[in-house]
Amino acid sequence: MDFSEFNDRYQSDLDDCAFETLAVRAGQVRTHECEHSEAIFPTSSYVFNSAAEAAARFGGESAGNVYSRYTNPTVRTFEQRLAALEDGEACAATSSGMAAIYAVVIANLKAGDHLLCSASVFGSTIVLFEKYLRKFNIDIDYVDLLDLNDWKSKVRPTTKMLFLESPSNPLNDVADLAGIAAIAKAAGALFVVDNCFCTPAGQQPLKLGADLVVHSATKYIDGQGRCVGGAVVGSKALIEPIIGVLRSAGPTMSPFNAWVFLKGLETLALRMRVHSENALELAQWLAQHPKVATVNYCGLTDHPGHELAKRQQRLFGGVLSFEVKGGREEAWKVVDATRMISITANLGDAKTTITHPGTTTHGRLSEDERKKAGISQALLRVAVGLEHIDDIKRDLARGLDAL
Ligand SMILES: *Cc1c(COP(=O)(O)O)cnc(C)c1O
C-alpha cells in the first residue's frame, strides 16, 4: 500500500468525525512498519538522500524534517490531534504551559504595547508578565474577569492582547467568552484563553471568538501526572509566528512527552466526564455539610456562573473550592486529616488533590490582595480525581466531621 495515500485518505475521512473519534485518531500517520499505536521518534536530526535534497529541505523548497527543534513526527501527531479537538487550524506544542504563554506574548507584543489580563490567572503567568514583559516596556492592566465594563474601559489604543482563564482558579468564576471576544475584536486586539481547566472536552474557546487557546498539557491532557508540556492552538496565520519563536528560542516539546500526551488525549473525553461527575457530587455533598460555609463550583445551580457555564461549556470541570466554618486553623485540620487525597497544589490528575490556596498558590499575595481576590484563610481547593466518589467523600469527612 502507498502509505502517503492511505494517510491522506485517513485524515480527510476524519473531517466528519465526532470529538471522541478525533481524540483517538486525529493526526496519526502510519509508516511502513504498520504500527497500530503512534510511534515515538526519539531523534534529534534527520538524514537526506543527497546534497541536493539537504539543500532543498534547508531552503524550504521541499517539505520534511530537518531537526527536532523544528519538527518531529510524534510531536506533529500530537499537534494535529489537539488542533482537531480545539477546532483550530494549527497547533504549536511547547515544553510547558508557561512556554506556550511565553511564546504567545513574545510573538505578538512589542515595546509600547498594552496587555489586558484577568486578575485571577495562574501565578507564574503574573510573574512572567510583571517581572519580564515589563522589562521590555509592555504595559499590563488587570481586569475583573466577570465585569465586561471593566474590560471595555481599560482598553487603550495600544491594547494588543486580552488574556484570561475561565473557569477561574480557585473560585470557579465563569467569564463571558463571546462578550470579551467582541471587546477584543472592536479593539483590534488578540483574545487569548488559557483553556487548561476545561480542556477542549469541556469548552472550545475558538468557537466562541477566541483567537488563540493556550494549554498546560501537564494537567488534564496528560491526566496522570507524568510529563510537563504545553500547546497553543489557533489559525495558521497566528500559529506560524509562534512556531518561529519556538524554533529560535527553543522551548519545544520532546517526542516522548508528545507520545504520553497523545495517549492522554485518547481518554480525555472519558476522564473529563468522570472528573466532572465526581466534582458535582462532591460539591453537592459539601454544600449540605454543617461544617462548610460556602462551595464554589460552576456546576451548582446557585453558582453565579452556572447559567453561563451551561451555555458555553460542555461540562463543569473537576476543580472546586470551599470554605470551612472558621479560618486557617480549621482549613489546615481538614487537609491534615486526609489520608488518601494528595496534599499538593497540582491539578488535573487521576488522583484527587487538596491545597490551601491562602498559604500555597496565593501565599505570596498580601492579605489585602488576597481579600480582593476572594481567597480567605478558610478556603480549600480540591481537584477531584477519578477515585470512587464515596472514597473521596469519606477522606474529606474525616477532617470535616472532627471540626
Ligand atoms: C499549570 C498551569 C499553567 C502552567 O503550566 P505548566 O505546564 O506548569 O508550565 C498555566 N495555566 C494554568 C491555568 C495552569 O493550571
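Procedures and definitions
- Every chain is numbered independently, its residues counted from 1 as its sequence is written.
- Reporting of local features is limited, given that this is a predicted model, to residues whose pLDDT is at least 70; pairs of side-chain atoms are given and counted only at 80 or more, and all residues count toward the totals for whole chains, interfaces and linings.
- Heavy atoms throughout the structure, all of them, feed into the side-chain values; hydrogens and water do not.
- DSSP bridges decide pairing: two strands pair if at least two such bridges lie between them.
- Labels follow the DSSP assignment, with helices taken as runs of H or I lasting at least four residues and strands as runs of E lasting at least two, numbered in each case from the N terminus.
- Here, residues are in contact when the closest pair of their heavy atoms is within 4.5 Å.
- For helices, the fitted line uses only the C-alpha atoms of the stretch in contact; every axis is such a line through C-alpha atoms, and the angle between N-to-C directions lies from 0 to 180 degrees.
- Grid spacing is 1 Å over the protein atoms alone, the probe is 1.4 Å, and a cavity is where that probe fits but cannot get out, while a pocket is an open set with protein on both sides within 12 Å along at least five of seven lines and lining residues have an atom within 4 Å of a point.
- Grid points are joined across faces, edges and corners, and a volume is the space filled by probe spheres set on the points.
- Three classes are used, and their members are as follows: Ala, Val, Leu, Ile, Met, Phe, Trp, Tyr, Cys and Pro are nonpolar, Asp, Glu, Lys and Arg are charged, and the others, Gly among them, are polar.
- Domain borders in the structure are assigned automatically or taken from a domain database.
- Burial classes: relative accessible area under 20% of the type maximum marks a residue as buried, over 50% as exposed, and values in between as partly exposed (1.4 Å probe, protein chains only).
- Summed over both partners, buried area is the accessible surface (1.4 Å probe) that two parts give up on being assembled.
- Here, a salt bridge means any Lys or Arg side-chain nitrogen found within 4 Å of an Asp or Glu carboxyl oxygen.
- Throughout this description, a polar contact denotes any pair of N or O atoms lying within 3.5 Å of each other; where both atoms belong to protein, one of them has to be capable of donating a hydrogen while the other can accept it, and for residues adjacent in sequence the pair is counted only when both atoms sit in side chains.
- Near, as used in this document, describes a residue that has one of its heavy atoms within 4 Å of the molecule or strand being considered.
- Only the protein chains shown count as cover for residues, and all accessible areas are computed by the Shrake-Rupley method using a 1.4 Å probe.
- More than half of a molecule's atoms within 2 Å of the grid points is what it takes for that molecule to sit in a cavity or pocket.

Undergrad: Talk me through the sheet that holds strand E9 (residues 319-324); I want residue IDs and the actual numbers.
TA: With mixed pairing, the five strands of this open sheet are ordered in space as E8-E9-E12-E11-E10. Looking along the sheet, the strands with just one partner apiece sit at the ends: strand E8 (292-296) and strand E10 (342-343). In terms of strand pairing, E8 meets E9 through four bridges, oriented antiparallel. Bridged to Val292 within E9 is Val324. Sitting on the sheet, helix H12 (residues 268-287) is in contact with E8, E9 and strand E12 (379-383), with an inclination near 10° to E9.

Undergrad: Account for the layout of surface pockets, naming residues and giving values.
TA: One number sums up the size of the largest pocket: a volume of about 1,300 Å³. What lines the largest pocket is a set of 48 residues, among which Ala119, Ser120, Val121, Ile126 and His362 lie closest to the centre. When contributions to the lining of the largest pocket are tallied by element, the ones reaching two or more residues are helix H5 (97-108), helix H6 (123-132), strand E3 (139-143), strand E6 (212-216) and helix H15 (367-372). Counting residues per element, the lining of the largest pocket draws most heavily on H6, which supplies six residues. Class assignment of the residues belonging to the lining of the largest pocket gives a composition of 22 nonpolar, 16 polar and ten charged. When we break the lining of the largest pocket down by domain, the ones giving at least three residues each are domain 1 (3-266) and domain 2 (270-402). When its volume is computed, the second largest pocket comes out at roughly 580 Å³. Taken together, 26 residues line the second largest pocket, and the ones lying closest to its centre are Thr71, Arg76, Glu79, Cys91 and Ile243. Where the lining of the second largest pocket is concerned, the elements lending two or more residues are helix H4 (73-86), strand E1 (90-94) and helix H10 (236-249). Among the residues making up the lining of the second largest pocket, the classes are represented as twelve nonpolar, seven polar and seven charged.

Undergrad: Requested: an account of empty space enclosed by the protein, with residues and values cited.
TA: Summed over all chains, the structure comprises one cavity of 30 Å³ or more. Empty space within the largest cavity amounts to approximately 40 Å³. Forming the walls of the largest cavity are Pro167, Asn172, Phe197, Phe316, Gly317, Gly318 and Val319.

Undergrad: Would you mind going over the environment of Phe78 in detail, with residue names and values included?
TA: Counting through the fold element by element, Phe78 comes out in helix H4. Assessed through its relative accessible area of 0%, Phe78 is described here as buried. Once the C-alpha coordinates of Phe78 and Pro255 are considered, the two residues, 177 residues apart in sequence, prove to be 9.3 Å apart.

Undergrad: I'd like to hear about the domain arrangement of the protein, residue by residue, with values.
TA: Domain boundaries in the protein define domain 1 (3-266) and domain 2 (270-402). Centre-to-centre, using C-alpha coordinates, domain 1 lies 28 Å away from domain 2. Between domain 1 and domain 2, the contact holds 32 residues from the first and 33 residues from the second. When domain 1 packs against domain 2, the two sides together hide about 2,500 Å² of surface, and 53% of this comes from carbon and sulfur. The largest share of the area that domain 1 buries against domain 2 comes from Pro170, Leu171 and Tyr220, three residues that together contribute 28% of it. Viewed at the interface, domain 2 and domain 1 are joined by zero salt bridges. On the surface where domain 1 and domain 2 come into contact, there are 14 residue pairs in polar contact (both at pLDDT 80 or more). Elements with a contribution of two residues or more to the side of domain 1 that touches domain 2: helix H2 (19-25), H6 and helix H9 (199-202). Take the side of domain 1 that touches domain 2: its biggest share by element is four residues, from H9. A breakdown of the residues in the side of domain 1 that touches domain 2 according to their chemical character gives 15 nonpolar, twelve polar and five charged.

Undergrad: Tell me about helix H8 (residues 177-187), and name the residues and values.
TA: Burial in H8 covers these residues: Leu177, Gly179, Ile180, Ala181, Ile183 and Ala184. Close packing links the buried residues of H8 with helix H7 (148-154), strand E4 (159-165), strand E5 (190-194) and helix H13 (306-312). Phi turns positive one or two residues past the end of H8, at Gly188, with a value near 70°.

Undergrad: Any chance you could break down the site of the ligand for me, citing the residues and the numbers?
TA: Residues in contact with the ligand, as listed here, are Ser96, Gly97, Met98, Phe122, Glu165, Asp194, Cys196, Ser216, Thr218, Lys219 and Gly229. A distance of 2.6 Å separates a nitrogen atom of the ligand from a polar side-chain atom of Asp194. Note that an oxygen atom of the ligand is positioned 2.8 Å from one of the side-chain N or O atoms of Ser216. Contact with the protein chains covers 91% of the free accessible surface of the ligand, which is 380 Å². Of all the cavities here, the one that holds the ligand is the largest pocket. When its residues are assigned to classes, the shell around the ligand shows three nonpolar, five polar and three charged.

Undergrad: Could you give an account of unusual backbone geometry, naming the residues involved and the relevant values?
TA: Between Ser166 and the following residue, Pro167, the backbone shows a cis peptide bond with an omega angle of -5°. Inspection of the secondary structure assignment puts Pro167 in the loop between E4 and H8. With an omega dihedral of 0°, the bond running from Asn169 to Pro170 counts as a cis peptide bond. Structurally, the position occupied by Pro170 is in the loop between E4 and H8. Phi is positive for Asp87, close to 60°, though the residue is something other than glycine. Of note, Asp87 is situated in the loop between H4 and E1. Residue Asp87 is classed as partly exposed on the basis of its relative accessible area, which comes to 47%. If you check the backbone angles, Thr199 has positive phi at about 60° while not being a glycine. If you trace the backbone, Thr199 turns up in helix H9. By relative accessible area, which is 1% here, Thr199 ends up buried.

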